[in-house]
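Structure assessment
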Amino acid sequence: MDRIIIRGGRTLKGQVPISGAKNAALTLLPCALLTDEKLTLTNLPRLADVDSFGHLLNELGVSTKVQRGTDGSIGREMTMDAKSLASTVAPYDIVRKMRASILVLGPLVARAGEAKVSLPGGCAIGNRPIDLHLKALEALGAQIELAAGYVKATAPGGLTGGRYSFPVVSVGATENALMAAVLAKGETVLDNAAREPEIVDLANCLVAMGAEIDGIGTDRLVIRGKPRLNGARYQVMPDRIEAGSYACAAAITGGELDLMGARMGDMATIFDAMRVTGVDVTEIEGGIRVSANGRLKPSNVSTAPFPAFPTDMQAQFMSMLALADGTSVLTETIFENRYMHVPELARMGADIQVHGRTAIVKGVDGLVGADVMATDLRASMSLVLAGLAAKGETAVHRVYHLDRGYERLEEKLSAVGADIERLSDG
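Residues numbered from 1 in each chain as written. Predicted model: local features only at pLDDT ≥ 70, side-chain atom pairs only at ≥ 80, totals over all residues. Heavy atoms only, no water.

With respect to the overall build of the chain
Quick reminder of the rule: A run of DSSP states H or I qualifies as a helix once it reaches four residues; a run of E qualifies as a strand once it reaches two. Both are numbered from the N-terminal end. For the radius of gyration, the atom set is restricted to C-alpha positions; the globular benchmark scales as 2.2 Å times the number of residues to the power 0.38. With a 1.4 Å probe rolled over the protein chains alone, any residue whose accessible area is under 20% of its type maximum counts as buried; one over 50% counts as exposed, and the rest are partly exposed. Contact criterion: two residues are considered in contact whenever any of their non-hydrogen atoms come within 4.5 Å of each other. Computed with a 1.4 Å probe, the accessible areas rest on the Shrake-Rupley method; for each residue, only the protein chains presented here act as cover. For this count, His and the chain ends are skipped, Lys and Arg are scored as positive, and Asp and Glu as negative. Every charge is mapped to an atom, namely NZ of Lys, CZ of Arg, CG of Asp or CD of Glu.
Each helix and strand in the chain was counted, giving 14 helices and 24 strands. Computed over C-alpha atoms, the radius of gyration of the chain comes to 21 Å, within 12% of the 22 Å expected from 2.2 N^0.38 for 426 residues, which places it in the range of a compact globule. The dimensions of the chain, computed from C-alpha atoms along their principal axes, are 65 × 45 × 45 Å. Looking at the chain residue by residue over its 426 residues, the buried ones come to 56%. For the chain, contacts bridging at least 24 residues in sequence account for 74% of all contacts bridging at least 6. As presented, the chain carries roughly 16,000 Å² of accessible surface, and 47% of it is formed by carbon and sulfur atoms. Of the charged side chains in the chain, 44 are positive and 49 negative; the average position of the first set lies 2 Å away from that of the second.

Here it is in structure tokens:
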């Protein structure tokens, strides 16, 4: 099993190219199921989760062709052809690896009138039920059955437009309902819909395919269903969580990084929180410059749905605040089990106390390298960040988590001055 070795204490400086967004890509890939024409996604990141989703589409009968990007982006492009579906069953062996697999449920039942999808797996960061996905599809006329670890959705006569108000904001459920609604007969209204930039990206892709959607970027989406959608060519948005993670790398090492391709509008809350700690953030041509000089100031941060501070940045921010001059308070409102990185940071000398969903971070003068174990995707990055600032050598184990969400991590960090390498036990 691979591990990443970091010899910390180096100041990072230079340019980091930001890849296409993992969370957007995994939402855009199932759009291929909505049309019998070709859909090409460009700026696609090379990640384990993207590859797994491609394999799932192949299982359903979608042909996929992957090649180097031809539009000047650093990512790949994938052309998907779902002219005919070979299956409407998403099997356990693939779905168990990745929660995003549940996003084939809405497109399959919308186009084929039926879908059978294994209950999803993924990172163990807390309870993430899919009940809102199912209730939203039921509002569109789908009949839902749960049996033997699978969700079966049927709509023999096709889905029909309906109204659904999400009792709590849910990104995944909004995505599934939106994709289902574009082929439903009549008008669908989704209230209290999630507003994340990745959902805006999904809606824009669907519009490029011929969908009719009003309210994009708001919490009320109105969709007028079409009998069919056409193919399209669409560029995946830049990854705001990757960009935020490298922004933390600049801050924790007292360096200066230009995040090329990052968009300020997608990350306003992240950068507002960073400025509180004394980090300088400025927009430059083609990206964003993040720089820090001197010890960071403490900050209080609470995660919440967009446009608030994202839960996917909580772990990285905690590593940064572990070295701040004072006490910070982090509150996690999205997932109840997203502090699994705390014991690992403590092994490196961090002073963090967890009380329920609140973490009290008392800044220390320095961190010390240690052997640490990654528990999930964003926790993995928090340990890498801590290792970049720590004295001595840090070994991050279980780095397969990192490969799910960070493209060419060691290469990008090495290029800006980090002493980092990947080693394999085998």
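Some points on the UniProt feature "binding site: phosphoenolpyruvate" (unreviewed entry) in the chain
The line we're drawing: UniProt positions are given in the numbering used here, feature names are shortened, and annotations may be inferred rather than shown by experiment.
Residues given the UniProt feature "binding site: phosphoenolpyruvate" (unreviewed entry) here are K22 and N23. Positionally, K22 belongs in helix α1 (residues 22-28). For K22, a relative accessible area of 7% translates into the label buried. For K22, the contacting residues outside a window of four places in its chain are P45, L47, D49, D239, L377, R378, R404 and G405. Residue placement: N23 occurs in helix α1. If we skip the residues at most four places from it in the chain, N23 touches E198, D312 and R378.

Here we look at the domain arrangement of the chain
Cut-off, in case you're wondering: Segment limits for the domains were obtained from an automatic or database-derived domain assignment. Summed over both partners, buried area is the accessible surface (1.4 Å probe) that two parts give up on being assembled. Within this document, salt bridges are pairs made up of a side-chain nitrogen of Lys or Arg and a carboxyl oxygen of Asp or Glu, the two lying within 4 Å of each other. Here a polar contact is recorded for every N or O atom pair within 3.5 Å, except that within protein the pair must consist of a potential hydrogen donor and a potential acceptor, and residues adjacent in sequence are included only if both atoms are side-chain atoms.
Per the domain assignment, the segments of the chain are domain 1 (3-19 + 238-423) and domain 2 (22-235). On a C-alpha basis, the centroid separation for the pair domain 1 and domain 2 is 30 Å. Taken over both partners, the interface formed by domain 1 and domain 2 buries close to 2,000 Å², and the fraction arising from carbon and sulfur atoms is 55%. Area buried by domain 1 at its contact with domain 2 is led by F306, R404 and E407, which between them contribute 32% of it. Put simply, domain 1 and domain 2 have two salt bridges between them. Residues R404 and D49 are paired through a salt bridge, measuring 3.0 Å at the closest nitrogen-oxygen approach. The tally of links from domain 1 across to domain 2 stands at seven residue pairs in polar contact (both at pLDDT 80 or more). When residues of the side of domain 1 that touches domain 2 are traced back to their parent elements, those giving at least two are α12 (377-389) and α13 (400-403).

Let's talk about the sheet that holds strand β17 (residues 287-291)
Under the convention used in this document: Each pair of strands is called paired provided DSSP finds at least two bridges between the two strands. Axis geometry follows a simple rule: fit a line to the C-alpha atoms, using only the stretch in contact for helices, then measure angles between N-to-C directions, giving values from 0 to 180 degrees.
Taken together, the four strands give an open sheet; going across it, the order is β2-β15-β17-β16, and neighbouring strands pair in mixed fashion. Edge positions in the sheet fall to β2 (13-17) and β16 (280-284), since each has one partner strand and no second. If you compare each strand with its neighbour and ignore which way they point, the axes differ by 20 degrees on average. Relative to β17, strand β15 (residues 256-260) runs antiparallel, the two being bridged by five bridges. Across the sheet, residue L259 finds its bridge partner in β17, namely I288. Strands β2, β15 and β17 of the sheet are contacted by helix α8 (residues 240-252), whose axis makes an angle of about 170 degrees with β15.

Examining the sheet that holds strand β9 (residues 150-154)
Within the open sheet, the four strands sit side by side as β6-β7-β9-β8. Their pairing is mixed. Strand pairing shows two members of the sheet lacking a second neighbour, β6 (89-90) and β8 (143-147), which therefore form its edges. With five bridges connecting them, strand β7 (residues 114-118) and β9 associate as antiparallel partners. Looking across to β9, one finds that V117 is bridged to V151. Contacts from helix α4 (residues 105-112) reach β7 and β9, with the element oriented near 160 degrees to β7.

Quick word on the packing of helix α5 (residues 131-139) against helix α6 (residues 171-181)
Threshold: Relative orientations are named as follows: roughly parallel for angles under 35 degrees, roughly antiparallel for angles over 145 degrees, roughly perpendicular for angles from 65 to 115 degrees, and oblique for any other angle. Note on convention: near helix rotated counterclockwise from far helix by under a right angle means a left-handed crossing. Clockwise means right-handed. Three categories are distinguished: nonpolar for Ala, Val, Leu, Ile, Met, Phe, Trp, Tyr, Cys and Pro, charged for Asp, Glu, Lys and Arg, and polar for the others, with Gly belonging to the last.
Across the interface, α5 lies against α6 with an axial gap of 8 Å and an inter-helix angle of 25 degrees. Relative to α6, the element α5 lies roughly parallel. Pair α5 / α6 crosses with right-handed handedness. Taken together, the residues of α6 that come into contact with α5 (itself represented by L132, H133, A136 and L137) are G172, A173, N176, A177 and A180. Grouping the amino acids of the contact of α5 with α6 by side-chain chemistry returns six nonpolar, three polar and no charged.

So, the packing of α8 against helix α9 (residues 268-276)
Where α8 meets α9, the closest approach of the two axes is 10 Å, and the angle between their N-to-C directions is 10 degrees. By the angle between their axes, α8 is roughly parallel relative to α9. Contacts from R240, A247, C248 and A251 of α8 reach α9 at I270, F271 and M274. Taken together, the residues that form the contact of α8 with α9 break down as six nonpolar, no polar and one charged.

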